Amino acid sequence: MISPIWIHTTTILLRSKKADGEQELNLTESQELAKQLSLATGFDQDYITRLSAKTLVLKTVRNQTSKGKISSFYALVCVGDRNGMLGIGEGKDLIEPGTAVLKAHWQAVKNLTRVPRYEDRTIFGNIEHKYGASVVHLRSTPPGSGLRCNHMIFELAQCAGLKDLSAKVYRSRNKMNVVKCTMEALMKQKSIDEVALERGKKVVDLRKVYYSVEKNDE
Amino acid sequence: MSLVKLANVGAHLQNCAMAKLPLTKIPYTKLHLQIALGLYKEGFISSVKRGSITGPDLTPVEVTPDNISSRRLWLGMKYRENKPVLSKFQLISKPNRRVFCTSSDLRNFAAGQRFRFVKPLQPGEVIFVRTREKEVIDLHEAVKKQLDGELLCRIQ
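Residues numbered from 1 in each chain as written. Chains lettered and ligands numbered in written order. Predicted model: local features only at pLDDT ≥ 70, side-chain atom pairs only at ≥ 80, totals over all residues. Heavy atoms only, no water.

A.B. asks: Explanation requested: the overall build of chain B in the structure shown.
C.D. replies: Looking only at helices and strands, chain B has 4 helices and 10 strands in total. Ordered by position from N to C terminus, the α and β elements of chain B give α-β-α-β-β-β-β-β-β-α-β-β-α-β. Expected size for 156 residues packed as a compact globule is a radius of gyration near 15 Å; at 16 Å, chain B falls within 12% of this value. Along the three orthogonal principal directions, the C-alpha set of chain B runs to about 45 × 40 × 30 Å. (Helix = DSSP H or I, 4+ residues; strand = E, 2+ residues; numbered from the N terminus. Rg over C-alpha atoms; globule rule 2.2 N^0.38 Å.)

A.B. asks: Would you explain the pattern of salt bridges in this entry?
C.D. replies: It is possible for side chains of opposite charge to pair when their charged atoms get near one another. Residues and elements named next belong to chain A. Considering all chains together, one arrives at 18 salt bridges over all chains under this definition. Notably, a salt bridge pairs R207 with E119, separated by 2.6 Å at the nearest N-O pair. With R207 in helix α7 (residues 206-211) and E119 in the loop between β4 (113-114) and β5 (127-131), this pair connects stretches of sequence that are 88 residues apart. Residue classification places R207 among the partly exposed positions, given a relative accessible area of 36%. The shortest N-O distance in the salt bridge between E198 and K190 comes to 3.2 Å. Given the relative accessible area of 7%, E198 is considered buried. Linked through salt bridges whose partners overlap, the residues forming this network are E119, R121, D164 and R207. (Salt bridge = Lys/Arg side-chain N within 4 Å of Asp/Glu carboxyl O. Buried < 20%, exposed > 50% of the residue type's maximum accessible area, 1.4 Å probe, protein only.)

A.B. asks: How should the packing of aromatic side chains be read in this particular structure?
C.D. replies: Here a ring pair, both rings aromatic, is described through the centre-centre distance and the interplanar angle of the planes. In this structure the tally under the stated criterion is 2 aromatic pairs over all chains. Of note, K168 of chain A hangs over the ring of Y170 of chain A, and the distance from its end group to the ring centre comes to 5.8 Å. (Phe/Tyr/Trp six-rings, centres within 6.5 Å; stacked < 30°, edge-to-face > 60°. Lys NZ or Arg CZ within 6 Å of the ring centre and 35° of its normal.)

A.B. asks: Help me out: how do you make sense of the sheet that holds β5 of chain A in this one?
C.D. replies: Hydrogen bonds along the backbone pair up the strands of a sheet, which may run parallel or antiparallel. Residues and elements named next belong to chain A. If you trace the 4 strands from one edge of the open sheet to the other, you get β5-β6-β8-β7, paired in mixed fashion. Single-partner strands in this sheet number two, and they are β5 and β7 (147-148). As paired elements, β5 and strand β6 (residues 134-139) share 5 bridges and run antiparallel to each other. By the bridge assignment, K130 is partnered in β6 with V135. Running over the sheet, helix α4 (residues 151-160) touches β6, β7 and β8 (165-171) and is turned about 145 degrees from β8. (Pairing = 2+ DSSP bridges. Contact = heavy atoms within 4.5 Å. Axes fitted to C-alpha atoms, helices over the stretch in contact; angles between N-to-C directions.)

A.B. asks: When you look at the nonpolar core in this model, what are you seeing that I'm missing?
C.D. replies: Inside soluble globular proteins, nonpolar side chains tend to come together where they are buried. Residues and elements named next belong to chain A. Within the largest apolar cluster, 30 residues are counted, with the highest numbers of intra-cluster contacts made by L86, L138, I153, L156 and L165. Those elements giving two or more residues to this core turn out to be β1 (52-65), β2 (68-80), β3 (85-93), β6, α4, β8 and α5 (175-187). L138 has contacts with I123, G125, N126, I127, I153, L165, S166, A167, T182, A185 and L186, leaving out every residue within four places of it along the chain. (Core = buried A, V, L, I, M, F, W, Y, C linked by side-chain atoms within 4.5 Å.)

A.B. asks: What is the right way to look at a nonpolar patch on the surface in this model?
C.D. replies: All names here are of chain A. Taken together, the side chains of V204, L206, V209, Y210, Y211 and V213 present a nonpolar region at the surface, about 670 Å² in accessible area. Here L206 is to be found in helix α7. Residue L206 is classed as exposed on the basis of its relative accessible area, which comes to 53%. (Patch = residues over 30% accessible without salt bridge, like charges linked within 9 Å, V, L, I, M, F, W, Y side chains within 5 Å. Areas by Shrake-Rupley, 256 points an atom, 1.4 Å probe, with all protein chains shown as cover.)

A.B. asks: Looking at this structure, I do not really get the interface of chain A and chain B. What am I missing?
C.D. replies: Much of the literature gives interface size as the accessible area that the parts lose upon coming together. Taken together, the 12 residues of chain A in the interface contact 15 residues of chain B. A buried area of about 1,100 Å², summed over both sides, lies between chain A and chain B, and 43% of it is on carbon and sulfur atoms. Of all residues in chain A, the largest losses of buried area upon contact with chain B belong to K190, E198 and R199 of chain A, amounting jointly to 51% of the total for that side. Where chain A packs against chain B, one counts 2 salt bridges. Among the salt bridges present, the one from E194 of chain A reaches K83 of chain B, with a minimum N-O distance of 3.4 Å. (Buried area = accessible area lost by both parts, 1.4 Å probe.)

A.B. asks: What is the right way to read the environment of P27 of chain B from this model?
C.D. replies: Here P27 of chain B lies in strand β1 (residues 23-27). Not counting residues up to four positions away in its chain, the partners in contact with P27 of chain B are V9, H32, R72 and L73 of chain B.

A.B. asks: Got a minute to help me understand the sheet that holds β1 of chain B in this structure?
C.D. replies: Residues and elements named next belong to chain B. Strand order in the open sheet formed by 3 strands is β1-β3-β2, and the pairing between neighbours is antiparallel. The two strands at the open ends of the sheet, each matched to only one other strand, are β1 and β2 (45-51). Geometrically, the sheet is characterised by an average inter-axis angle of 25 degrees between neighbouring strands, direction not taken into account. Strand direction decides the pairing type here: β1 and strand β3 (residues 72-77), joined by 5 bridges, are antiparallel. From the neighbouring strand, P27 faces β3, where its bridge partner is R72. Across the sheet, helix α1 (residues 3-19) lies against β1 and β3, angled at about 170 degrees from β1, the strand it touches most. Each of β1, β2 and β3 touches helix α2 (residues 30-42); the most contacted strand, β2, lies at about 150 degrees to it.

A.B. asks: Any chance you could explain α1 of chain B here in plain terms?
C.D. replies: Residue pairs spaced three or four apart in an α-helix point in one direction, given the helix's 3.6 residues per turn. All names here are of chain B. Helix length check: α1, at 17 residues, gives a terminal C-alpha distance of 24 Å against a target of 24 Å (1.5 Å per residue), a fit within 8%. What α1 keeps buried is the set L3, L6, V9, G10, L13, C16 and A17. Buried positions in α1, seen along its axis, are confined to an arc of 135 degrees and lie on one side of it. Opposite the buried face of α1, by more than 90 degrees, sit the exposed residues N8 and M18. Its side-chain oxygen 3.4 Å from the backbone nitrogen of V4, S2 forms the N-cap of α1. Just past α1, the residue K20 takes up positive phi, approximately 60 degrees. (Expected span 1.5 Å × (residues − 1). Arc of directions from axis to C-beta. Polar contact = N/O pair within 3.5 Å; in protein donor to acceptor, adjacent residues only side chain to side chain.)

Below, the structure is given as structure tokens:
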């Protein structure tokens, strides 16, 4: 499968050099950023540096004022540790798109939340969620299926650490709304342990009982 | 009995869950009682009490033809961490399209396969089946006893 060309991979806090013509972020600058973020959020500085970020949407937006059309840059960035934490953030800047991406990255790290995962690879059951005009159907798949979904959901799932997922987006496929819809849908999940606690039931791992096989993730 | 009334109960319970009500009353019928007891066994509701229109009975009151019209079933809703335990209650077999299953179909359905147009079983989902003896039991119980039945409703 060829990935869409328009997705810009801007992993902000990179240690290695970027291609010619692109802006390079100073190591000390990124370290300073990570330090400020760690103070603001409470996450470890090293952890923040090693988060994988993806710019999902980067576009110019216009505001009509008395002085005319004022255009600014809007960015939507998703950030994740590929191990269950995921966050999205939006940022806007008047002058530079890079600053908008930076602001979005900052917000995304501030909005990091845990995504419940079944066996650390897929979601619990099927989820249908509606956000505005976007309807997203997420389905859990057996191991080895991979991420067969919309490109926006693919990026979110990758950053979150989901390995097997099947999804379909109905009605509006507006990138921003699809991302927000998927975020809400992923948070809407209830893990099996949670359900058991709610209902006062005991959870039994059949694989362990019948085949004496421990769960992969624990 | 009446699936129309059951559909109304389903909608009512979903609304109560969204409104975070602690107690709610539903009409007192045999089917409703069977479903309510099933929900209680599965842990979706905290209590099932018979009562009148105003509230559950503190002392047991005999149901007679005189007071039958004012009899209601009072169910205690459950919530945990700002989320309701019983969030979805949907009919599968509807008054305009009934859904009946043989024991082998029920087995495949319980295993996770789709049954015709009925979407597959979800983790933590409970499905009530009405057997030929008009007994309302859980899907897995019906599979164990190898019974045929009508897929009444699915609860999450």
